[in-house]
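Residues per chain are reported as follows:
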Amino acid sequence: MTLPPHPGLAEGPVYLDYNATTPVDPRVAEAMAPHLTHFFGNPSSSHPYGSELRSALAAARAQVAALIGGRPEELVYTGSGSEADLLALRGAVLAAGRPHPHVITQATEHPAVLETCRALQRLHGARITILPVDRVGLVKPADLAEALTDDTVLVSVMAANNETGALQPVAELADLAHARGALFHCDAAQAAGKVPSTSRPWAWTSSPSSAAAVAGPVDHAGRDRDGGHTARRRNTVNRPSGTSPGRRPFTPPVPP
Ligand SMILES: Cc1ncc(COP(=O)(O)O)c(C=O)c1O
């Protein structure tokens with residue numbers, strides 16, 4: 001099959017939006033191809049059609065774990081980076097079981113984090129502190145130290161900013177949070193595969209990573225498609241970032 005040249009690559013503008021999405025690396029496409037065209041089956045099935053896929057999934061899981069310095073069994077796949085943020089933030093805050101949990105984040109987080117924090121405030125009585133950033137987009141550890149209280153259950157600060165590329169001092173911030181008994185969440189969607197990962201617990205506990213940001217396809221796993229269910233109410237709790245209409249948060253997958 002011969003594909004037409006991409007209009008943007010011929011005479012169009014130079015593509016500089018790699019933090020929004022990357023082209024699929026030919027090696028990724030090659031690795032995926034047999035599973036799109038040849039191997040089929042349910043990986044949970046005990047027959048050979050299932051076991052082939054089960055092995056492929058286990059190998060992929062091990063590769064992702066190695067990338068972020070975690071253990072395969074600790075990975076939780078989500079449908080998108082937004083959904084991973086939402087799951088981590090809501091899970092950590094609600095599991096704390098406090099009447100008015102305190103959450104600290106910072107001004108330049110992705111909407112997936114900021115809007116989830118707003119929803120936690122609106123729906124669950126959370127108190128949210130949004131730390132400012134300096135002229136190069138960084139949080140000052142001293143500001144975090146001052147904002148932490150005995151009621152702080154979670155601190156969420158991203159590893160790399162999706163617009164400016166600023167790299168937050170997450171190791172230092174995580175130490176401060178942990179010293180006060182708070183959990184630390186790091187949205188590493190723009191860092192995984194680009195910035196060397198450490199094996200600190202926070203780095204792999206809730207690090208969303210979007211395949212589209214690292215030469216893979218826009219995420220699909222487990223996503224509901226928009227529309228098709230006319231009677232369903234749109235879920236404003238689970239749609240924090242607004243990047244796609246519907247009941248679940250994500251950048252629209254292509255192909256759908
Ligand atoms: C830092 C960051 N967090 C979260 C997301 C959301 O990821 P997704 O589009 O997969 O929902 C993005 C998307 O670009 C991002 O850059």
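It should be noted that the structure appears before, not after, this text.
Below is a summary of the structure that appears in this document. Fair warning: this is a prediction, and the values are worked out from it, not measured in the lab.

For the protein chain, the count of helices and strands is eight helices and four strands. When the helices and strands of the protein chain are placed in sequence order, the string is α-α-α-α-β-α-β-α-β-α-β-α. Looking at the protein chain as a whole, 31% of its 256 residues are labelled buried.

We now examine the nonpolar core. If you look at the biggest cluster of nonpolar residues, it comprises 39 residues, and the most contacted ones within it are Leu 89, Val 93, Val 103, Leu 154, Val 155, Leu 173 and Phe 184. Broken down by secondary-structure element, the contributors of at least two residues to this core are helix H4 (81–95), strand S1 (102–106), helix H5 (111–124), strand S3 (152–156), helix H7 (170–179) and strand S4 (183–185). Broken down by element, the residue count for this core peaks at six residues, all from H4. Those residues within four positions of Val 155 in sequence are excluded, and the remaining contacts are Ile 104, Leu 144, Leu 173, Ala 177, Ala 182 and Phe 184.

Here the focus is the pairing of S3. Taking burial as the measure, the five residues of S3 include five buried ones, the bulk of the element. Relative to S3, S1 runs parallel, the two being bridged by three bridges. Bridge assignment links His 102 to a residue of S3, and that residue is Thr 152. Alignment of S3 against S4, held across three bridges, turns out to be parallel. Looking at S4, one finds that Leu 154 is bridged to Leu 183. Handedness of the crossover is the feature at issue here: the chain leaves S3, passes through H7, returns alongside S4, and the resulting connection is right-handed.

What counts, and at which threshold
- Residues numbered from 1 in each chain as written.
- Predicted model: local features only at pLDDT ≥ 70, side-chain atom pairs only at ≥ 80, totals over all residues.
- Helix = DSSP H or I, 4+ residues; strand = E, 2+ residues; numbered from the N terminus.
- Buried ≥ 20, exposed ≤ 12 C-beta atoms within 10 Å, placed from the backbone.
- Core = buried A, V, L, I, M, F, W, Y, C linked by C-beta atoms within 7 Å.
- Contact = placed C-beta atoms within 7 Å.
- Pairing = 2+ DSSP bridges.
- Right-handed = clockwise from strand over helix to strand, strands pointing away.

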